[in-house]
Every structure is written in C-alpha cells, then in structure tokens.
Amino acid sequence: MTKAKSSGSLVDPSRLPSVDADDPAIIQVVIETPKGSRNKYAFDPKQRIFELKKVLPAGMAFPYDFGFIPRTRAEDGDPVDVLVLMDEPAFPGCLLKCRLIGIIEGEQGDTKKKTVRNDRIVAVEQENHSWADIKVIGDLGKQFLRELEEFFVNYHRLSDEEFRVIDVKGPKEAKKRIKDGMRGAR
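Just so you know, these numbers come straight off a predicted model, no measurement behind them.

Criteria and thresholds
Residues numbered from 1 in each chain as written. Predicted model: local features only at pLDDT ≥ 70, side-chain atom pairs only at ≥ 80, totals over all residues. Heavy atoms only, no water. Helix = DSSP H or I, 4+ residues; strand = E, 2+ residues; numbered from the N terminus. Rg over C-alpha atoms; globule rule 2.2 N^0.38 Å. Buried < 20%, exposed > 50% of the residue type's maximum accessible area, 1.4 Å probe, protein only. Contact = heavy atoms within 4.5 Å. Areas by Shrake-Rupley, 256 points an atom, 1.4 Å probe, with all protein chains shown as cover. Pairing = 2+ DSSP bridges.

S.K.: Lay out the overall build of the protein chain in plain terms, naming residues and giving numbers.
M.R.: Per the secondary structure count, the protein chain includes 2 helices and 9 strands. Starting at the N terminus and walking to the C terminus, you meet the elements of the protein chain as β-β-β-β-β-β-β-β-α-β-α. Relative to the compact-globule value of 16 Å for 186 residues, the protein chain shows a C-alpha radius of gyration of 16 Å, a close match. Summarising its shape, the C-alpha atoms of the protein chain cover approximately 55 × 40 × 35 Å along the three principal directions. Relative to its full complement of 186 residues, the protein chain shows a buried share of 44%. Considering only intrachain contacts with a sequence separation of at least 6, the fraction spanning at least 24 residues in the protein chain is 68%. Within the structure as shown, the protein chain displays about 10,600 Å² of accessible surface, and the carbon and sulfur contribution to it stands at 51%.

S.K.: Can you break down the environment of Lys-142 residue by residue, with the values?
M.R.: Inspection of the secondary structure assignment puts Lys-142 in helix H1 (residues 142-157). Assessed through its relative accessible area of 69%, Lys-142 is described here as exposed. Expressed as a C-alpha distance, the spacing of Lys-142 and Pro-63, which sit 79 residues apart in the sequence, is 16 Å.

S.K.: So what about the pairing of strand S1 (residues 26-33)? Which residues, and what values?
M.R.: With 8 of 8 residues buried, S1 is to be regarded as a mostly interior element. Bridging between S1 and strand S6 (residues 95-110) involves 5 bridges; their strand directions are antiparallel. Bridge assignment links Ile-26 to a residue of S6, and that residue is Arg-99. Bridge count for S1 against strand S4 (residues 65-68) is 3 bridges, and the pairing is antiparallel.

Put into structure tokens, the structure is as follows:
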C-alpha cells in the first residue's frame with residue numbers, strides 16, 4: 001500500500017464536481033455552516049480548512065444549512081452560495097446532493113464600494129422527507145420566503161453591508177446562474 005503525503009489539512013472540497021456524475025440535474029453542495037449555528041464558517045482554499053468567519057449575536061442563527069457549489073465562481077468572487085432545505089442539520093465539510101428549487105437574486109454593498117451581485121441558490125437535499133413535495137421556490141409560500149430574505153438582510157447588516165433582494169425565481173434561472181458560475185471558475 002502506498003502512503004499518501006499528508007499536508008496537515010483537508011482535501012480541497014472546492015475541487016469536487018459541481019454536479020452528480022450519475023444525474024446532472026443534481027448539484028453537489030459542500031456545507032460550510034449548518035442549520036441552527038451561530039457560527040459562520042467558510043472554506044479557505046489556500047489553507048484547505050474550514051475557518052470561523054463570524055459569530056452571530058444571541059438569538060440569531062442560520063435558518064438552514066448553507067454552503068457552496070464546488071468549481072463555481074459567482075459575481076462576488078466566491079463560489080456560488082446555496083441554502084439547503086433538509087430534515088436535519090449537516091456539518092461543515094459534508095457533501096450533499098441536492099435538487100434545485102430556485103434562486104433569491106440579491107446584491108450587496110457598503111458605503112465604500114459599489115454593489116455586487118450575491119445570489120443565493122435554494123435547493124432541497126434529495127434524500128430528505130420533510131421537503132420532498134417542494135418542487136419550486138414558490139411552493140414555500142410568501143411568508144417563508146419573506147423570512148429567508150429578512151435573514152440575509154439582517155446577516156449583512158451585522159457587517160455594515162446592505163443586502164437588497166432583487167427577485168425570487170425558479171429552478172430554471174437557478175440552473176442558468178450555476179452554469180454561469182461554472183464558466184466563471186475556469
């Protein structure tokens with residue numbers, strides 16, 4: 001047996017395929033921050049490790065699992081963001097196979113620089129039970145969507161940034177944005 005040289009860090013999950021090899025309609029999502037966490041984690045590709053980026057104030061937590069699609073680059077320079085709906089929280093570094101239900105289009109900025117697009121793909125983990133009947137983002141209902149939008153507005157406000165929701169669209173637009181992100185990562 002050949003012994004692999006250890007670098008003292010994780011394998012780089014950002015190098016995984018963006019879509020499932022057996023079903024290209026299924027995206028692969030690497031979780032950075034689990035549902036219910038006050039800690040915001042992000043994968044640091046240079047050090048190949050998950051790093052604590054922010055601690056949310058008491059009473060505020062991530063409403064659902066949050067991660068990224070490997071081998072993509074969004075307009076903000078980071079991998080394409082994904083909010084994943086599933087039965088139980090995952091953990092940082094966990095790979096999930098998800099189906100798209102839509103996208104929350106948004107832009108963010110602060111007083112010192114121009115605004116930049118920062119969309120959030122919304123997906124459902126393919127093996128869950130509670131969200132199995134949700135096919136498109138509109139199935140979640142207006143109140144649910146309003147609460148998701150408000151979370152992102154308040155989350156950015158903590159960093160003195162403004163987040164503005166532009167629109168909410170279905171899986172077709174989400175797929176288009178992911179393809180753009182795959183081209184941007186090349």
